[in-house]
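Listed below are the residues making up each chain.
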Amino acid sequence: MSPARVVIVEDDRMLAALNATLVDAHPGFEAVAVAHTATEGLREIEHHRPDLLLLDVYLPDLNGLELLRRLRTTRTDVEVIAVTAARDLETVRRARMLGVRHYLVKPFTKADLHRRLNEVQRALSMTAGDADLDQRAVDLMLGGGADDAAAAPKNLSASSLQRVAALLDGAEGDMSSAEIADALGMSRVSARRYLDHLATIGQAEVAPRYGAVGRPENRYRAIRR
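Residues numbered from 1 in each chain as written. Predicted model: local features only at pLDDT ≥ 70, side-chain atom pairs only at ≥ 80, totals over all residues. Heavy atoms only, no water.

A. Structural detail: the packing of helix H7 (residues 158-170) against helix H9 (residues 188-200). For the pair H7 and H9, the least separation of the axes is 10 Å and the interaxial angle reads 75 degrees. The angle between the axes of H7 and H9 places the two elements in the roughly perpendicular class. Note on element contacts: H9 touches H7 through Tyr194, Leu195, His197 and Leu198, opposite Ser160, Leu161, Val164, Ala165 and Leu168. Residues of the contact of H7 with H9, tallied by class, amount to 7 nonpolar, 2 polar and no charged. (Axes fitted to C-alpha atoms, helices over the stretch in contact; angles between N-to-C directions. Helix = DSSP H or I, 4+ residues; strand = E, 2+ residues; numbered from the N terminus. Parallel < 35°, antiparallel > 145°, perpendicular 65-115°, else oblique. Contact = heavy atoms within 4.5 Å. Nonpolar A, V, L, I, M, F, W, Y, C, P; charged D, E, K, R; others polar.)

Structural data, given as structure tokens:
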């Protein structure tokens, strides 16, 4: 299957280039065009007919959500990730009403973006078939399952869970609860609880590593879909 096509609309040229690099680093996506204004963005979208739009809200000629409103009059099938510094309630509400299921507040990490891309990739794969969907699949299609890491149990903090997930996702290899705890400034017990939860929801895998003496150390690795 060929990579999903992505158009990036971002007025900051350095950030736009960085986002294109991050998109291309994901095996399921390809940045086919970068635009720095809403006018350029509409032209590139019309030309490339992308599967996904990375859209900034603050653009020099037109608000990004106004661009999206105009786009929705002709195209309703394109997926959108809002990538913006805008975090006020009204902007988020308008984005949601225009079909934005993924919203990344700047600054964000490669791991943050790739988690959103993973969700978009799964949603796009579902539209390719005609099978009946279970509840989890329906939730994902409607945006209710945008980020499993955010759905923390009552005894865990969603923000801390996301920090643990991001650190693990960005690691080159596996990590222990002690390494996670030291990096994030939390206790080892807390780090292990977050890691075990990520393993439970399928975002991490765990395997023991046996040393010369003592009990084996559990090592955790992010599952990248």
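B. Representation of the nonpolar core within the structure. Judged by nonpolar contacts, the single largest core of 23 residues is most densely connected at Val9, Leu53, Leu55, Leu67, Leu68 and Val80. Of all the secondary structure elements, the ones that give two or more residues to this core are strand S1 (4-9), strand S2 (29-35), helix H2 (38-48), strand S3 (52-55), helix H3 (64-72) and strand S4 (79-84). If you tally residues by element for this core, the top one is H3, at 4 residues. Counting 18 residues, the second largest nonpolar core, distinct from the first, contains Leu156, Ile180, Ala191 and Tyr194. (Core = buried A, V, L, I, M, F, W, Y, C linked by side-chain atoms within 4.5 Å. Buried < 20%, exposed > 50% of the residue type's maximum accessible area, 1.4 Å probe, protein only.)

C. Up close: the pairing of strand S5 (residues 102-105). For S4 and S5, the ladder comprises 4 bridges, and the chain directions are parallel. Within the sheet, the bridge partner assigned to Ala82 lies in S5 and is Tyr103. A crossover connection joins S4 to the parallel S5 through helix H4 (residues 89-97); in handedness this β-α-β unit is right-handed. (Pairing = 2+ DSSP bridges. Right-handed = clockwise from strand over helix to strand, strands pointing away.)

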